[in-house]
Amino acid sequence: MSNFSVKDIRGVIPAMVTPFDENEALDLARTRALTAKLIEDGAQGLYLTGSTGEGFLCTSDERKTFVETVLDEAAGRIPVIVHVGAISTLASEDLARHAARAGAAAISSVPPIYWKFSDDQIAAYYSDLVQAAGIPMIVYNVTLAGLVSYEMLLRLGRIEGVEGIKYTSSTVFDIFRIKEALGQDFAVYSGSDELAVSGLAFGADGIIGSTYNVLTPLFLKLNAQMAAGDVIAARETQKIANKLIFALLARGLMPSLKATLTLGGRVDGGLSRRPVFPVAAGR
């Protein structure tokens, strides 16, 4: 059981990549090294097995093993959020229960994907996961999985046990609206790295992002500047970050992050799993 509550999950939170070896197997040694490196860099939390973590390219057992390894290496130093989304509610419930037993501070999930589900089915999905895990849920609203409406977000936010949302969209003004509607204790995390200043300006409690795997110190600086009310300085930091973000995106985000970690010399980021191309393929 985690010693952290959602109120403790604040600041700069990398959406951690999942290192694979040259045979596409989960690499636990690289996983431990990366976990230690991110904590040393000042990460204030970790978000596991989501889009950046290639969670949908892993088996349930691999996802569990990865979560256990990260939590063991983190050793209670920072809160960990575990994404448990899957196509079936049964699979997600199993991952949710495991995350709770392993010591996650919260679970998270995209809405059920692939088929077009009704609002009632989506609401039931989140309710079922909260009941299965017994720890807080942070809804994940992201274009990749199909954004739900603002009205639906409010409905999900009123489910008992749903205590926050990872909001990855350009409509950052909704962060302010969500906080107004659901209360200041309802946590909202800005999930668009290139809009971190905007998300924080509109009241986000923290920022969860892919590029924080390599840019944690830069975003810690940005977060501190925003906390101090120095928006002009934070905007300049965001400009620097965005140049790096767009360079990473141009070559494929996950493999570029892993290659950058490795080239930095402090930790081996490993490789990605097909159908993701490695950076070296030049595609």
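Before any of the text, the structure's been laid out above.
Residues numbered from 1 in each chain as written. Predicted model: local features only at pLDDT ≥ 70, side-chain atom pairs only at ≥ 80, totals over all residues. Heavy atoms only, no water.

1. Re the overall build of the chain
Then, in step 1: Of regular secondary structure, the chain possesses 10 helices and 8 strands.
Then, in step 2: Here the chain has a C-alpha radius of gyration of 18 Å; the compact-globule value for 283 residues is 19 Å, and the two agree.
Then, in step 3: In terms of its C-alpha atoms, the chain occupies a principal-axis envelope of roughly 45 × 45 × 35 Å.
Then, in step 4: Counting over 283 residues, the chain shows a buried share of 55%.
Then, in step 5: Within the chain, residue pairs in contact and separated by at least 24 positions form 71% of the contacts whose partners lie at least 6 positions apart. (Helix = DSSP H or I, 4+ residues; strand = E, 2+ residues; numbered from the N terminus. Rg over C-alpha atoms; globule rule 2.2 N^0.38 Å. Buried < 20%, exposed > 50% of the residue type's maximum accessible area, 1.4 Å probe, protein only. Contact = heavy atoms within 4.5 Å.)

2. Here we look at unusual backbone geometry
Then, in step 1: For the bond running from R274 to P275, omega is 15°, close enough to zero to count as cis.
Then, in step 2: Its place among the elements puts P275 in the segment after α10 (253-263).
Then, in step 3: With phi around 55°, T49 is a residue other than glycine that occupies positive phi space.
Then, in step 4: Tracing the backbone shows T49 in the loop between β2 (46-48) and α2 (60-74).
Then, in step 5: Although it is not a glycine, Y114 sits at a positive phi angle of roughly 85°.

3. Notes on a nonpolar patch on the surface
Then, in step 1: Nonpolar side chains collect at one region of the surface, where I87, Y114 and W115 lie side by side and expose about 420 Å² of accessible area between them.
Then, in step 2: Mapped onto the secondary structure, Y114 falls in the loop between β4 (106-109) and α4 (119-133). (Patch = residues over 30% accessible without salt bridge, like charges linked within 9 Å, V, L, I, M, F, W, Y side chains within 5 Å. Areas by Shrake-Rupley, 256 points an atom, 1.4 Å probe, with all protein chains shown as cover. Salt bridge = Lys/Arg side-chain N within 4 Å of Asp/Glu carboxyl O.)

4. Description of helix α9 (residues 231-250)
Then, in step 1: Over its 20 residues, α9 extends 28 Å from the first C-alpha to the last, a length consistent with the 28 Å expected when each residue adds 1.5 Å.
Then, in step 2: Those residues of α9 that fall on the buried side of the exposure criterion are A234, T237, Q238, A241, N242, I245 and L248.
Then, in step 3: One or two steps after α9, the chain reaches G252, where phi turns positive at roughly 100°. (Expected span 1.5 Å × (residues − 1).)

5. A look at the environment of S60
Then, in step 1: The topology assignment puts S60 in helix α2.
Then, in step 2: Between the C-alpha atoms of S60 and Y47, which are 13 residues apart in sequence, the distance is 17 Å.

6. Structural notes on the packing of α2 against helix α3 (residues 89-102)
Then, in step 1: Relative orientation of the contacting elements α2 and α3 amounts to 15°, with a least axis distance of 10 Å. Classed by the angle they form, the pair α2 and α3 counts as roughly parallel. Of the two elements, α2 crosses α3, and the hand of that crossing is right-handed. Counted together, S60, R63, K64, V67, E68 and L71 of α2 and D94, L95, H98 and A102 of α3 form the full contact between these two elements.
Then, in step 2: Its residues assigned to classes, the contact of α2 with α3 comprises 4 nonpolar, 2 polar and 4 charged. (Axes fitted to C-alpha atoms, helices over the stretch in contact; angles between N-to-C directions. Parallel < 35°, antiparallel > 145°, perpendicular 65-115°, else oblique. Left-handed = near helix turned anticlockwise from the far one by under 90°. Nonpolar A, V, L, I, M, F, W, Y, C, P; charged D, E, K, R; others polar.)

7. As for the side chain of D174
Then, in step 1: Mapping D174 onto the fold places it in helix α6 (residues 173-182).
Then, in step 2: Here D174 is in contact with Y150 and Y167, once residues within four sequence places are set aside.

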